[in-house]
Amino acid sequence: PDGNNNIYYVGNGDYFYTSANVGIGTTSPTYKLSVSGGIKAGGLVTYSKSAGSLDTTGYAVAGLTTGYNGNSAGFTFTCFGNTGGYQKIVYSCYNGSGTWYSKKVIDEGTNNFDVEASANGSTITFTFKSVSGTMYYTPKVTIQATGQSINSTYA
């Protein structure tokens with residue numbers, strides 16, 4: 001520990017910082033617990049992605065890795081930005097004999113944003129994109145995922 005700043009080295013180049021607030025991956029925690037990057041708590045993976053602009057091609061924000069028969073997973077995508085745009089999209093996914101199947105079960109909002117699942121297969125990628133044209137004003141998406149085979153590389 002550093003007696004002045006309460007900084008603890010935990011190995012592999014990682015530090016744990018404390019003061020009135022606790023930071024993981026950040027030297028300036030602004031809340032009681034501030035985490036830079038994705039977290040997993042109580043089986044729920046949560047993280048956010050944003051970009052200065054978003055077009056109809058979009059970019060990958062979540063995914064499923066190889067799973068097994070009977071595995072399941074769920075994703076909730078909450079999108080906002082541009083000029084007051086908002087979209088909530090929920091996918092329910094299941095694995096049958098090594099193939100992931102995704103079903104969009106909720107898609108509500110201003111219809112400016114979409115999150116599209118790749119074709120059913122041994123893995124699935126979810127892409128955050130604009131429905132039409134390019135959107136500015138830092139479009140954001142918060143991802144919450146639970147279940148088996150969540151691809152942690154996106155968090």
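Going by the structure above, here's the rest.
Criteria and thresholds
- Residues numbered from 1 in each chain as written.
- Predicted model: local features only at pLDDT ≥ 70, side-chain atom pairs only at ≥ 80, totals over all residues.
- Heavy atoms only, no water.
- Core = buried A, V, L, I, M, F, W, Y, C linked by side-chain atoms within 4.5 Å.
- Buried < 20%, exposed > 50% of the residue type's maximum accessible area, 1.4 Å probe, protein only.
- Helix = DSSP H or I, 4+ residues; strand = E, 2+ residues; numbered from the N terminus.
- Contact = heavy atoms within 4.5 Å.
- Pairing = 2+ DSSP bridges.
- Axes fitted to C-alpha atoms, helices over the stretch in contact; angles between N-to-C directions.
- Patch = residues over 30% accessible without salt bridge, like charges linked within 9 Å, V, L, I, M, F, W, Y side chains within 5 Å.
- Areas by Shrake-Rupley, 256 points an atom, 1.4 Å probe, with all protein chains shown as cover.
- Salt bridge = Lys/Arg side-chain N within 4 Å of Asp/Glu carboxyl O.

Counting residues in each nonpolar core, the largest one holds 25 residues, and the members touching the most others are Phe-75, Phe-77, Tyr-91 and Phe-126. Of all the secondary structure elements, the ones that give two or more residues to this core are strand 6 (44-50), strand 7 (59-64), strand 8 (72-81), strand 9 (85-96), strand 11 (113-117), strand 12 (124-130) and strand 13 (140-147). It is strand 8 that contributes the most residues to this core, four residues altogether. For Phe-77, the residues in contact, after removing those within four places along its chain, are Val-61, Ala-62, Gln-87, Lys-88, Ile-89, Tyr-91, Val-115, Phe-126, Val-141, Thr-142 and Ile-143.

On to the sheet that holds strand 11. As summarised here, the arrangement of the three strands in space is 7-12-11, forming an open sheet in which the pairing is antiparallel. Each having just a single partner strand, strand 7 and strand 11 make up the two edges of the open sheet. On average, each strand axis in the sheet is tilted by 25° relative to the strand beside it, whichever way the strands run. Sheet analysis places strand 7 next to strand 12, joined by five bridges and oriented antiparallel. Among the inter-strand pairings, Ala-62 is bridged to a residue of strand 12, identified as Phe-126.

Among the surface-exposed residues, Ile-24, Leu-33, Val-35 and Ile-39 lie close enough to one another that they form a single nonpolar patch of about 320 Å² accessible area. Along the polypeptide, Val-35 turns up in strand 4 (residues 33-35).

A separate point is the sheet that holds strand 6. Strands sit in the order 5-6-13-8-9-10 across an open sheet of six strands; the sheet is antiparallel. Only two strands of the sheet have a single partner each, and these edge strands are strand 5 (39-41) and strand 10 (99-109). With direction set aside, neighbouring strand axes in the sheet form an average angle of 20°. Across 10 bridges, the pairing between strand 9 and strand 10 is antiparallel. When the sheet's bridge partners are listed, Ser-92 is paired in strand 10 with Lys-103.

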